[in-house]
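Okay, here's what each chain looks like letter by letter:
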Amino acid sequence: MKKTTELHVDRRQFLKGSVATAIVASIAGCASQVQGQQDSYLMSLIAKMTLAEKAGQLHMDGVLSPKMVQPNFQKINPFTPNFTPEQAAGLLAAQQAQIRSGQMGMMTSPEDIDSVVYAQTSAVKETRLKIPLIFGADIIHGHHTIYPIPLAEAASFEPELAERTARACAVEATTNLGIDVTYAPMVDIARDQRWGRVMEGAGEDVLLGSRFAAARVKGFQGKGLTDPKGLLACPKHFLGYGAAESGLDYAGTAMSNRLLHEVYLPPFKAAFDAGAIFTMAAFNTVDGVPSTGNKALLTDLLRTEMGFSGVVISDFQSELELINHGFAKDEREAAKLALDAGCDIGMVSGIYPKYVPQLVQSGELDEKVLDLAVYRILDVKMRAGLFDDPFLRVDQAHAADKAPAAHLALAREAGHKSIVLLKNTGQLLPLASNAKVALIGPFARDTKNVDGAWSPFAPQVASVSLAEGFKAKLAPSNLIIEDGCGISEAIEGGIERAVEAASAADVVLLAVGESASMSGEASSRASITLPAVQQQLAEAIAATGKPVVILLRNGRALALEGAVKQAQAIVVTWFLGTQSGHAIADIVMGEVSPSGRLPVTFPIASGQQPYYYARESSGRPTPVGESPMFKSHFIGIPDDPLYPFGFGLTYSTIEYQTPTVYTASVSKDGSVTVSAEITNTGEYEATEVVQCYMQDPYARIVQPVRKLLDFKKVTLQPGEQQTVSFTLLASQFAYLDQKLNKVLESGTIKLWVAPHARAGEAVEIDVV
Ligand code: BGC
């Protein structure tokens, strides 16, 4: 083992004479006895704890770095407070004292691995009961190497890709930071593109969201809960956070219990089934009750109904926010209500250690509630291997390569697979290698808005800008670069210079879109269009008559307008992370073919939000492209998307035959196979995402117009034909009735095998 810091504790040394020895010995026996022995060990440990120590286990604080007392200390982590070296010394001493007194259970967002070692050493050497701490951080789409934002990766329709990138995140975060838990994946279904946190999840669809949730949990957790290079996953935010009213972050939800179960719960179930033992309570209310104080959600639904046996953590002081909601009258009541509801760990607020002991002493809180929460966190620490080895995820060669080359290659591959080609008039793309290109726009040279909103640990590795990506492909004389404007502000003479550059080129690559801070937490947008100055730039460039390829940088679906919408080609490039510029240039120059599909619907206008494909059948539907009076639509636009869910082009053309089923009916306990022939009728190899949808056209609860049931990614050579089949259980056609019972009625089901949510002809099957 490498001794990497003077604070580093040799774990074998530590094991001698520690509580861990007793546990290791106790679990060495017969496997069937292990759980019982662990339980009795934990019970006896709890019996030894004071009320203050118990409440302390439920407290999470931000880890302070021992280096912060140095005058030249540069903080990386936005959660680290601002301080002078003198203040830092005081803060650090106070935190150490709190750890030593056994009043800390979990710590968050360390600056560096030394902070983790420093705090853990105090916990396991200097506290009365030597209970290890558990460390968490937001490792959402990368640590040093940044991968595409989760929404972008969902566009790959390849959950295995997300499993691999989550795995790589875990390897880097354990190796370089020594943490145990990541507050990810975010599995909130997001159907309103005004909500900034759309970028953090897998988009609007329940099935896609569930598959990505499970894949990410598996990837983070690697070989299991005690994998030294694995991070425990914490799917979040429980529950319904993505349904924030009008897409406004931190707003309440208008939510039926059925919708909660049908749409918002399944990705959590998938994440728990994949092995997640943490979850995070959400900021929002559900039916008037804040999630963090919601016993019906955190205890009845999560634990009793779903059988979740892990730990619930609050979302950054959400237990304290019960006061702002007007749900708790003061801190003391907030602590009681949150803990009683089933929120085990309070993130950063400190109200658990402050009030829980008194609440128990006064009889206002049953000590059994406290003991159960303490049991859960101790049990999770044990399952995570920390009683056996508190430095399990620290004991790595963490001075090693911070971002291995294999991770860079994976980031580039993930970038390729996340890019979605929306439009390619006259096969403008891919560009010829000798094309004279004007790369224009506020993102042309930009390096600050490449990674996306969740990359606090990224600065060590420079991300590749568009300019660098295209410089690597084109002769210097064939590439002119102009900013044209800033992201939201004009540059003097910028548009004129950009027009000049466009006029001198064969083709314009116009890089427009959102800054990193325009999506993510607290970044809701009332209008999901491009900033006005960028639209002006696009109009001026279009007026040159040169063909324009829009390279869209975005953390959500956008409502494209004017010259951007009318451009000859549109490529959705999201925030792709470390290898962004290379991945985009590879696609534009045709070295890699585009294969991504939209995980969110692109609307015609912002005002259509929330707008998603799986909407209920309306009583007054409108035919595609039409806007007849007294039929459902907004004045001036048809009730259509600009680009539907699941849409994306390749450089080739794929034709679908009408699907077939081999039998006209299926019994309720049977299965049916639906197939379609697809042919690559173009000149390029193409990877197609073949999507299988259903509709129950007649039911006692109004059903969605379509619902994704499955998808497959297939690669076809020019001229190649393949039959793509989906075998579906009839039980997949069931729906939840008003009492939330699953019902499968006899009757017709429509099935599609199609390239997106609005395409294709249906085939019918009778459920008998
Ligand atoms: C976010 C969470 C995040 C937490 C800790 C909160 O503001 O809502 O998603 O995990 O902060 O950083």
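Rules used in this analysis
- Residues numbered from 1 in each chain as written.
- Predicted model: local features only at pLDDT ≥ 70, side-chain atom pairs only at ≥ 80, totals over all residues.
- Heavy atoms only, no water.
- Core = buried A, V, L, I, M, F, W, Y, C linked by side-chain atoms within 4.5 Å.
- Buried < 20%, exposed > 50% of the residue type's maximum accessible area, 1.4 Å probe, protein only.
- Helix = DSSP H or I, 4+ residues; strand = E, 2+ residues; numbered from the N terminus.
- Contact = heavy atoms within 4.5 Å.
- Pairing = 2+ DSSP bridges.
- Axes fitted to C-alpha atoms, helices over the stretch in contact; angles between N-to-C directions.
- 1 Å grid on protein atoms, 1.4 Å probe; cavity = no way out; pocket = protein on both sides within 12 Å on 5 of 7 lines; lining within 4 Å.
- Points joined across faces, edges and corners; volume = space filled by probe spheres on them.
- Nonpolar A, V, L, I, M, F, W, Y, C, P; charged D, E, K, R; others polar.
- Near = heavy atom within 4 Å.
- Polar contact = N/O pair within 3.5 Å; in protein donor to acceptor, adjacent residues only side chain to side chain.

(A) Molecular detail of the nonpolar core. Ranked by internal contacts, the top residues of the largest apolar core, which has 193 residues, are Phe 278, Ile 313, Phe 470 and Trp 574. Here this core gets eight residues from one element, more than from any other, and that element is helix H15 (residues 367-383). If we ignore the near neighbours within four places in the chain, the residues touching Phe 470 are Leu 439, Leu 479, Leu 509, Leu 551, Ile 584, Ala 585, Val 588 and Met 589. Counting residues in each nonpolar core, the second largest holds 28 residues, with Tyr 656, Ala 686, Val 690 and Val 767 among its members.

(B) Representation of the sheet that holds strand S10 (residues 311-313) within the structure. Reading across the sheet, the three strands line up as S6-S7-S10 and stay open at both edges, with parallel pairing between neighbours. Strands with a single pairing partner mark the edges of an open sheet, and in this sheet they are strand S6 (236-238) and S10. Direction aside, the axes of adjacent strands within the sheet are offset by 50 degrees on average. Sheet strands touched by helix H11 (residues 266-273): S6 and strand S7 (278-281). Its angle to S6, the strand with the most contacts, is close to 120 degrees.

(C) How the structure looks around the layout of surface pockets. Taken as a whole, the second largest pocket holds about 650 Å³ of empty space. In this structure, the second largest pocket is lined by 26 residues; those nearest its centre are Tyr 613, Arg 615, Asp 639, Val 705 and Arg 758.

(D) Spotlight on empty space enclosed by the protein. Per the counting criterion, the structure on display carries six cavities of 30 Å³ or more. Volume-wise, the largest cavity comes out at about 100 Å³. Along the walls of the largest cavity sit Met 49, Glu 53, Gln 57, Ile 99, Gly 102, Met 104, Ala 123, Thr 127, Leu 129, Lys 130, Ile 131 and Leu 133, which together make up its complete lining. Along the lines of polarity and charge, the residues of the lining of the largest cavity split into seven nonpolar, three polar and two charged. Counted as a void, the second largest cavity has a volume near 70 Å³. Along its surface, the second largest cavity is lined by Ile 140, His 141, Tyr 147, Pro 148, Pro 150, Glu 153, Ala 162, Thr 165, Ala 166, Cys 169, Arg 216 and Phe 220. Residue assignment for the lining of the second largest cavity shows that the elements contributing at least two residues are helix H7 (150-154), helix H8 (159-177) and helix H9 (206-221). Counting residues per element, the lining of the second largest cavity draws most heavily on H8, at four residues. Split by residue class, the lining of the second largest cavity holds eight nonpolar, two polar and two charged.

(E) Region of the structure containing the site of the ligand. Taken together, Phe 79, Asp 138, Tyr 183, Arg 197, Lys 236, His 237, Met 280, Phe 283, Asp 315, Phe 316, Met 347 and Glu 521 make up the full set of residues near the ligand. A distance of 2.4 Å separates an oxygen atom of the ligand from a polar side-chain atom of Asp 138. Between the ligand and His 237, the relevant distance is 2.7 Å, taken from an oxygen atom to a side-chain nitrogen or oxygen of the residue. For the shell around the ligand, a count of residues per class yields six nonpolar, one polar and five charged.

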